[in-house]
Amino acid sequence: MSSASQAKSRRNFLKTTAVASTAAGVPYFFSSPKTLGQETQSKNDRFSVGVIGAGGMATGNMNAAKDWVDIVAIADVDSERADRMNEKFSGGKAQVFEDYRKVLERDDIDVIHVATPDHWHTKPLVEAMLAGKDVYCEKPLTLTVDEGKLIRRVQKETGRIVQVGTQQRSTFPLFVTAMALVDQGRLGKINKVTAAIGGAPTSPEIPIAEVPKNLNWDRWLGPAPKTDYRWLRQEAGEGQRRAVTNTNCHYEFRWWYEYSGGKLTDWGAHHVDIAMWALQLNGQTSGPNSIGGMAKHPVDFEDGNPVQNDRYNTATEFLLTAQFPGGTVLDIRHDTDNGCMIEGDKGRIFVNRGKLVGAPVEALKDDPLPEDAIQKVYKGLPMEFNERKAHWASFFHCVKSRQEPISDVHSHMKMLNVCHLAGITARLGRSIQWDDKTEQIVGDDQANAMLARPYRSGYEIEGV
Ligand SMILES: NC(=O)c1ccc[n+]([C@@H]2O[C@H](COP(=O)([O-])OP(=O)(O)OC[C@H]3O[C@@H](n4cnc5c(N)ncnc54)[C@H](O)[C@@H]3O)[C@@H](O)[C@H]2O)c1
């Protein structure tokens, strides 16, 4: 990129930042932390990035990151998607691969972005760390508790910088302010947190279909069990706004336990993360003792696995409760307003991507947060007030400074354990007891076996 166009892109960035700060409606009670403005302004170098999985989220993410990156390599098992990203972000000049391992082989790549479906996160993430790359990996990092143990170990051993794509920790000032309220004791001792994440859809029977020529279906399945490709398009009928595509592939993988944890990890990774962050700031450092409750599935289950394989199978409705030492309770539910309710013995707040409300928030008019309150919960890292770019800006700061990112793998795994245990409870239809020290389910061999998953032959994680 020429220096003139670099300067132009920086000017545009600053302009966008200023507008977005106002548009984001940074609340009146938001104290003023150290920002990334100066740092970004003085930055001369750009990061060479390799993208693994060029779908919907990677496109959004690269739009957010494009001021800092040159995308030099793209891997996707769907060649149409890789080519589209190449045209959009690299003018067709990036190297395009079907096999992501070719991206990891390039020595000139500093940073890897993993935005594959959930069942394809752990393997490329671990292999990227072992190849000496820093990684921004989409949430949820794993399908199982044991994959989380492996990621934590490899991250510790390699010292790579890994930012998880739980952008609520950066992108929405409302969440960080909510955490500062908790941290400053404005809610008192937290007794209950509720992560309201909405239900999941059902589908009709989805027939087996011919695999599109541009898609390597075997490689899309990767570590997951071999199965047929399914696809169905339903044209919009009366009262429906648009046509609906059902498949067990792009985007819709979320509604199949073979590739995801359903809503419990898709949105659980966002709001259970906020709930667990609040508990941790409030001094609750352990995981739960037990999880139980109700969940409804759109198909029958046997031994924790769906019996039918021709339609979505993840939980559509649920109210699952995790009990923590000392009596604190975390509810994960489908049926109330999307967001996080945090209840303490001095007051309660509700926070989501659009609002932060409650008596402790009102009280800020007369008793604002101390100057350093926001910065403290944000680990002292500089912040960017731009809804789309903040999490990426923070990641690049950490890549340069080698500080632990705000969405680090260790806190992510702690909270994802809760989501995964909720999933096991839902699938087995019974409560489970959890030993947080050994990370084992107590007295239930069948449930314990679900802490891991078999990797299909030919798709095992390399180098561990
Ligand atoms: N942070 C957020 O708010 C947020 C929002 C949406 C999605 N996500 C996450 O982003 C991820 C991707 O979701 P999406 O909606 O973009 O899905 P998607 O299906 O649109 O994109 C995934 C892409 O990965 C490709 N892929 C599959 N296996 C691959 C492999 N082995 N190597 C390379 N490419 C491969 C697919 O062909 C597809 O193009 C998911 O994990 C999802 O949870 C996060």
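Residues numbered from 1 in each chain as written. Predicted model: local features only at pLDDT ≥ 70, side-chain atom pairs only at ≥ 80, totals over all residues. Heavy atoms only, no water.

Participant: Report on helix α12 (residues 268-281), specifying residues and quantitative values.
Facilitator: If you check α12, its first and last C-alpha atoms are 19 Å apart, about what 14 residues at 1.5 Å a residue would give, namely 20 Å. Summarising burial for α12: 13 of the 14 residues are buried, a large majority. After α12 finishes, the residue Gly283 shows a positive phi value of roughly 95°. (Helix = DSSP H or I, 4+ residues; strand = E, 2+ residues; numbered from the N terminus. Expected span 1.5 Å × (residues − 1). Buried < 20%, exposed > 50% of the residue type's maximum accessible area, 1.4 Å probe, protein only.)

Participant: Tell me about the pairing of strand β7 (residues 190-196), and please be specific about residues and values.
Facilitator: Where burial is concerned, most of β7 is hidden: five out of the seven residues are buried. Note: β7 against strand β15 (residues 339-344), six bridges, orientation antiparallel. Across the sheet, the residue bridging to Lys192 is Glu343, located in β15. Of the strand pairs in this sheet, β7 and strand β14 (residues 329-333) are connected by five bridges, and their pairing is parallel. Within the sheet, the bridge partner assigned to Ala195 lies in β14 and is Ile332. (Pairing = 2+ DSSP bridges.)

Participant: Now, about the sheet that holds strand β2 (residues 69-75): what can you tell me, with residues and values included?
Facilitator: Ordered by their spatial adjacency, six strands build an open sheet running β3-β2-β1-β4-β5-β6, and the pairing between neighbours is parallel. Each edge of the open sheet carries a strand with a single partner, namely β3 (95-97) and β6 (162-164). When strand polarity is set aside, the average angle formed by the axes of neighbouring strands in this sheet is 20°. In the sheet, strand β1 (residues 47-52) pairs with strand β4 (residues 111-114) via four bridges, with the strands oriented parallel. When the bridges of β4 are listed, Val49 appears paired with Val111. Where helix α4 (residues 79-90) meets the sheet, it contacts β1, β2 and β3, and its direction lies at approximately 170° from that of β2. (Axes fitted to C-alpha atoms, helices over the stretch in contact; angles between N-to-C directions. Contact = heavy atoms within 4.5 Å.)

Participant: So what's going on with the site of the ligand? Residues and values would help.
Facilitator: Among the 28 residues in the neighbourhood of the ligand, the closest are listed as Met57, Asp76, Asp118, His121 and Gly165. Within the backbone of Thr116, an N or O atom sits 3.3 Å from an oxygen atom of the ligand. Gly165 has a polar backbone atom sitting 2.9 Å from a nitrogen atom of the ligand. Bound to the protein, the ligand loses 94% of the 850 Å² it would expose on its own. Counting residues per element, the ones that place at least two in the shell around the ligand are α3 (56-65) and α10 (217-221). In terms of residue class, the shell around the ligand is built from 10 nonpolar, nine polar and nine charged. Of the domains in this structure, domain 1 (3-169) and domain 3 (217-255) are the two that each give at least three residues to the shell around the ligand. (Near = heavy atom within 4 Å. Polar contact = N/O pair within 3.5 Å; in protein donor to acceptor, adjacent residues only side chain to side chain. Areas by Shrake-Rupley, 256 points an atom, 1.4 Å probe, with all protein chains shown as cover. Nonpolar A, V, L, I, M, F, W, Y, C, P; charged D, E, K, R; others polar. Domains from an automatic or database assignment.)

Participant: So what's going on with unusual backbone geometry? Residues and values would help.
Facilitator: Following Lys139, the chain continues into Pro140 via a peptide bond in cis, with omega recorded as -20°. Locating Pro140 in the fold gives a position in the loop between β5 (134-137) and α7 (145-158). Within the chain, Asp303 stands out as a residue other than glycine whose phi angle is a positive 50°. Position of Asp303 relative to the elements: it lies in the loop between β11 (301-302) and β12 (305-306). Positive phi, close to 55°, is recorded for Lys379, a residue that is not glycine. Here Lys379 lies in the loop between α14 (373-377) and α15 (390-401). Classification of Lys379 by relative accessible area gives partly exposed; the value is 33%.

Participant: If you had to explain the packing of aromatic side chains to someone new, which residues and values would you point to?
Facilitator: By the definition in use, this model includes 14 aromatic pairs. Residues Trp256 and Tyr312 carry aromatic rings whose centres are separated by 6.1 Å and whose planes lie at 80° to one another, so their mutual orientation is edge-to-face. Taken together, the positions of Trp256 in the loop between β9 (244-247) and α11 (263-266) and Tyr312 in the loop between β12 and β13 (317-323) put the pair 56 residues apart, joining distant regions of the chain. Residue classification places Tyr312 among the buried residues on the basis of a relative accessible area of 2%. On the basis of an interplanar angle of 45° and a centroid distance of 5.4 Å, the ring pair of Phe395 and Phe396 is categorised as tilted. Accessibility assignment for this pair places Phe395 and Phe396 in one class, buried. Connected via pairs of aromatic rings, a cluster forms that spans Phe47, Trp68, Tyr136, Trp392, Phe395 and Phe396. Its guanidinium or amino end placed over the ring of Trp277, Arg169 lies 4.3 Å from that ring's centre, counting from NZ or CZ. (Phe/Tyr/Trp six-rings, centres within 6.5 Å; stacked < 30°, edge-to-face > 60°. Lys NZ or Arg CZ within 6 Å of the ring centre and 35° of its normal.)

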